[in-house]
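Here's the letter readout for the chains.
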Amino acid sequence: MSRPSVSLIVVSYQMARELPRTLRSLSRPYQTDLADDDLEIIVVDNGSARPPGPEDIPGVDADIRFLQQPNPTVSPVPAINTGLAAAEGALIGVWIDGARLASPGLVAACITASRLHPRPVIATLNYQLGPTLQFDSVRQGYDQAAEDRLLASIGWPEDGYRLFDIARSELRGGPAGPMLESNALFLPRALWNELGGYDPVFVEPGGGLVNSDTYLRACALPDVQQIRILGEGTFHQIHGGLSTSTLESAVDVLRQGSRLYLRRRGYALRTMRDPGWLYDARRGAIVPMEATA
Amino acid sequence: MDQRLPCDAETLRRWMVSYIGSILTLPDGVPTDKTFDSYGFDSVEAVVMSSVLEEEFSTEVDPVQLFEHPSIDAFVAAFASDGAQATHGGDV
């Protein structure tokens with residue numbers, strides 16, 4: 001069997017409800033414009049009471065490996081690095097949060113974008129399902145049952161692009177605005193090696209700001225080109241995550257994480273204000289920043 | 001946040017101008033009287049700044065106070081040791 005074009009690493013922890021949907025959204029035929037052997041998916045479970053397996057995704061025909069992280073910790077970093085070590089694709093995308101659905105052309109768009117530059121850092125954009133950002137939605141009664149109804153209302157997964165109709169962007173300044181992380185970050189294998197994967201110093205629950213750190217470090221590698229993907233995205237399902245459940249917990253993760261970041265790195269955390277190239281996946285072209293306003 | 005920062009108004013104002021100026025490119029400099037969001041300093045960056053303030057001045061800074069006092073001048077007046085406002089902190 002030939003090596004896949006792309007490996008997706010998906011970290012899970014107690015996501016019996018969310019993970020099957022996520023894996024369906026990452027597999028053909030939901031993911032479009034992929035060849036048979038383009039894609040491998042590696043699920044690394046980080047200590048769930050009942051680790052996921054193929055029986056959880058009946059009808060999903062994909063190359064999915066289920067791994068269990070030995071000695072799981074509260075941080076997903078070791079699990080991510082286990083996935084990175086196991087990945088065989090030339091391009092590797094990391095889902096630090098297995099509760100994120102993808103839009104249908106996301107993987108193909110990242111493959112295409114990876115051919116636009118020899119050292120691409122491909123950042124997909126984050127969305128959250130619900131009427132507003134989830135820390136706010138939950139105050140209005142939004143919960144998993146409401147989210148299930150919301151997904152049913154668009155007939156998901158029939159037309160995955162309708163996810164955009166029931167979600168809100170996490171980027172307050174739009175796709176070219178300041179950005180702190182990408183929850184599906186794609187780098188060529190060589191760049192992941194150069195980066196040394198995710199930094200195991202981030203031992204705190206959820207990894208703290210490790211995803212921001214990884215994105216910012218990747219963008220700071222020499223001669224790289226950040227490419228943001230427009231027209232596709234990842235969509236967070238509510239599951240009690242630290243940074244999406246309540247405003248207080250979201251602020252606290254950022255506040256405590258920023259202090260740790262400053263101590264560890266010796267400089268303050270900064271949002272990425274240079275948007276890099278904006279690749280509009282629906283048009284198959286790099287678009288000027290003004291086109292996103 | 002139940003106490004003022006252990007620095008005078010001018011020190012705190014200079015620090016905030018320098019910090020924000022290192023993040024944003026503002027041709028006319030950082031306006032101390034305008035609200036943070038009016039010149040593109042967003043809420044995430046404000047929370048991060050509160051953490052850096054904590055480290056810098058070794059005291060607790062509640063990021064909510066940057067939204068309650070959403071300009072450099074307003075924050076300095078409320079939380080510098082010699083700020084103009086009589087009291088603020090324990091009562092907010």
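To keep things clear, this report deals only with the structure shown in the data block. (Residues numbered from 1 in each chain as written. Chains lettered and ligands numbered in written order. Predicted model: local features only at pLDDT ≥ 70, side-chain atom pairs only at ≥ 80, totals over all residues. Heavy atoms only, no water.)

What about the sheet that holds strand β12 (residues 277–280) of chain A?
All names here are of chain A. Pairing in this open sheet of nine strands is mixed, and the strands run β3-β2-β1-β4-β9-β6-β10-β12-β13 from one edge to the other. Edge positions in the open sheet fall to β3 (64–68) and β13 (285–287), since each of these has one partner strand only. Within this sheet the neighbouring strands show an average axis-to-axis angle of 25°, counted without direction. Here two bridges tie strand β6 (residues 120–123) to strand β9 (residues 185–188), and the two strands are oriented antiparallel to one another. Within the sheet, the bridge partner assigned to A123 lies in β9 and is L185. Relative to the sheet, helix α1 (residues 18–26) contacts β1 (6–12), β2 (39–45), β3 and β4 (91–95), its axis offset from that of β2 by approximately 165°. Each of β1, β2, β4, β6, β9, β10 (225–230) and β12 touches helix α3 (residues 106–114); the most contacted strand, β6, lies at about 155° to it. (Pairing = 2+ DSSP bridges. Helix = DSSP H or I, 4+ residues; strand = E, 2+ residues; numbered from the N terminus. Axes fitted to C-alpha atoms, helices over the stretch in contact; angles between N-to-C directions. Contact = heavy atoms within 4.5 Å.)

Examining the interface of chain B and chain A
By a widespread convention, an interface's size corresponds to the accessible area lost as its parts come together. In this assembly, 20 residues from chain B lie in contact with 15 residues from chain A. Summing the contributions of chain B and of chain A, the shared interface buries around 1,500 Å²; its carbon and sulfur component is 55%. In this structure, A:R255 and B:E54 form a salt bridge, with 2.7 Å as the shortest nitrogen-oxygen distance. The interface formed by chain B and chain A contains eleven residue pairs in polar contact (both at pLDDT 80 or more). (Buried area = accessible area lost by both parts, 1.4 Å probe. Salt bridge = Lys/Arg side-chain N within 4 Å of Asp/Glu carboxyl O. Polar contact = N/O pair within 3.5 Å; in protein donor to acceptor, adjacent residues only side chain to side chain.)

Some remarks on the nonpolar core
Membership of the largest hydrophobic core comes to 84 residues, with the highest contact counts inside it found for A:L163, B:L12, B:M16, B:Y19, B:I20, B:F41 and B:M49. Once residues within four sequence positions are removed from consideration, B:I20 is found in contact with B:V30, B:F36, B:Y39, B:F41, B:M49 and B:I72. (Core = buried A, V, L, I, M, F, W, Y, C linked by side-chain atoms within 4.5 Å. Buried < 20%, exposed > 50% of the residue type's maximum accessible area, 1.4 Å probe, protein only.)

Here's the deal with the sheet that holds strand β7 (residues 126–129) of chain A
Residue and element names in this part refer to chain A. As summarised here, the arrangement of the four strands in space is β5-β11-β7-β8, forming an open sheet in which the pairing is mixed. The outermost strands of the open sheet, each flanked by one partner alone, are β5 (100–102) and β8 (167–169). Averaged over all neighbouring strand pairs, the angle between strand axes comes to 35°, with direction disregarded. In terms of strand pairing, β7 meets strand β11 (residues 234–236) through three bridges, oriented parallel. Each residue of the ladder has a partner; that of Y127, found in β11, is F235.

Section: the environment of A:L34
All names here are of chain A. By the secondary structure assignment, L34 is in the loop between α1 and β2. The buried category is assigned to L34, whose relative accessible area is 8%. Spatially, the C-alpha atom of L34 lies 27 Å from that of E194, the residues being 160 residues apart in sequence. Setting aside its immediate chain neighbours within four residues, L34 contacts R28, L39, V107, A108 and I111.

Overview of the side chain of B:E54
The residue B:E54 is located in helix α2 (residues 43–57) in this model. B:E54 gets classed as buried once you look at its relative accessible area, which sits at 2%. For B:E54, the side chain forms a polar contact with the side chain of A:R255, separated by 2.7 Å. Setting aside its immediate chain neighbours within four residues, B:E54 contacts A:R255, A:R259, B:T59, B:E60 and B:V61.

A short note on the pattern of salt bridges
Applying the stated criterion to the full structure yields 28 salt bridges over all chains. We note a salt bridge from A:R17 to A:E18, for which the minimum N-O separation is 2.8 Å. Here A:R139 ties to A:D136 by a salt bridge, and the two come within 2.9 Å at their closest N and O atoms. Because the salt bridges share partners, they merge into one network encompassing A:R255, A:R259, A:R263, B:E54, B:E55 and B:E60.

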